[in-house]
Amino acid sequence: MNLNILRYFDVESSSEEEYGNIILEYVLMRRAKIFRPRHPPLETWDDVDFCHRYRLSKETVLWMVTEIGNDLKTPTLRNNAITPLEQILLTLRFYATGTMQQCSGDLFGMSKSAACKVIHCVSRAICIKLKYFISMPRTAEEVKDVVANFYKIAKFPSVVGAIDCSHIRILSPGGDNAELFRNRKDTFSINTQAVVDAELRIRDLVARWPGSVHDSTIFNNSRLKVLIESQQLGNCCLLGDRGYALKKYLLTPLADPQTAAERLYNESQIRTRNVVERAFGVWKRRFPCIGSQLRVALKMYSLSL
């Protein structure tokens, strides 16, 4: 044991001033760095077990390294620097379990503070690249394919996307604005809007509004509304639930269908729009960190999508 620590217990032999200086010295004393062993998951697990634990295949993870690896490189390799591959695997493990960051860090031989920084950096790097992978149809041919796939579900024409919001639970952020994040279910959350196509692919994502904000408010303040109102997607429409106002480009179910045609419309609309509900279920099941509760500081949510 360090002799300086033993001096704390010898109170009678020290004056009050000396005792205070010893306490300050101990508080400011840096802990020794511990370099824990890191086991390479790519070699430890086969393809099936790896996908169960990280929710992505080895091939996809290696592709991610090529896409965002340059953004994650450290200036030097001194002090057992964390490689881009290790950073991505740690972050995916956090996404896949939804557990404490310290638990994910322990798995990779990293401290809690290192794990927190890694998860933040990787998440930011992914967000920067998302615009290249999450987008509404860009060409007339792509719009035509999306509409055709929706039509196969329940014969609903001219649908370019199904829209809905889902609450991602978070810890109370504290401070003066904490209650803005309390939703109608009395929990704290981020209200996340998504547009999904018939193949459950996310085409548009907005994840920056507090849980108290209504779904229609998010849509009215989104770039998606401008995009579809300007008919850049052609004469197409979105399908939503009754949380949205009925518009010529956003169709919702009828509140009280009376005729056979109205009932058939409702059935077709609901069956076609169901893809967005399924997409949220698949998303939260695959990455439990958003299906349970995110346990990170509010500043981490500032990565607007």
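Residues numbered from 1 in each chain as written. Predicted model: local features only at pLDDT ≥ 70, side-chain atom pairs only at ≥ 80, totals over all residues. Heavy atoms only, no water.

Looking at an unreviewed UniProt entry, the protein carries the name Putative nuclease HARBI1, with the source organism given as Pieris macdunnoughi. Quoted verbatim from the Function (unreviewed entry) field of UniProt, the annotation for the protein is "Transposase-derived protein that may have nuclease activity. Does not have transposase activity." The heading Cofactor (unreviewed entry) in the UniProt record of the protein holds the text "a divalent metal cation". (UniProt positions renumbered as here; feature names shortened; annotations may be inferred.)

Q: When you look at the layout of surface pockets in this model, what are you seeing that I'm missing?
A: Regions of empty space are outlined by a rolling probe, equal in size to a water molecule, passed over the atoms. By volume, the largest pocket is sized at about 1600 Å³. Listing elements by their share of the lining of the largest pocket, those giving two or more residues are α5 (58-72), α6 (84-97), α8 (112-129), β2 (189-196), β3 (202-210), α12 (260-286) and α13 (288-291). Broken down by class, the residue content of the lining of the largest pocket amounts to 33 nonpolar, four polar and seven charged. Summarising the domain contributions, the lining of the largest pocket has at least three residues from each of domain 1 (41-131) and domain 2 (134-290). (1 Å grid on protein atoms, 1.4 Å probe; cavity = no way out; pocket = protein on both sides within 12 Å on 5 of 7 lines; lining within 4 Å. Points joined across faces, edges and corners; volume = space filled by probe spheres on them. Helix = DSSP H or I, 4+ residues; strand = E, 2+ residues; numbered from the N terminus. Nonpolar A, V, L, I, M, F, W, Y, C, P; charged D, E, K, R; others polar. Domains from an automatic or database assignment.)

Q: How should the packing of aromatic side chains be read in this particular structure?
A: Taken as a whole and judged by the stated rule, the model has eight aromatic pairs. Pairing W63 with F133 gives two aromatic rings, centres 5.5 Å apart and planes at 75°, and the pair type is edge-to-face. Here the residue W63 occupies a position in helix α5, and F133 occupies one in the loop between α8 and α9 (140-154), the gap between them amounting to 70 residues. On the basis of relative accessibility, which here comes to 46%, the residue F133 falls in the partly exposed class. Seen in terms of ring centroids, F94 and Y95 are 6.3 Å apart; in terms of plane orientation they differ by 55°. Their pairing is tilted. Judged on exposure class, the residue F94 and its partner Y95 are both buried. The ring of W45 has R53 lying over it, and the distance from NZ or CZ to the ring centre is 3.6 Å. The lysine or arginine in question, R93, covers the ring of Y54, its NZ or CZ lying 5.8 Å from the ring centre. (Phe/Tyr/Trp six-rings, centres within 6.5 Å; stacked < 30°, edge-to-face > 60°. Buried < 20%, exposed > 50% of the residue type's maximum accessible area, 1.4 Å probe, protein only. Lys NZ or Arg CZ within 6 Å of the ring centre and 35° of its normal.)

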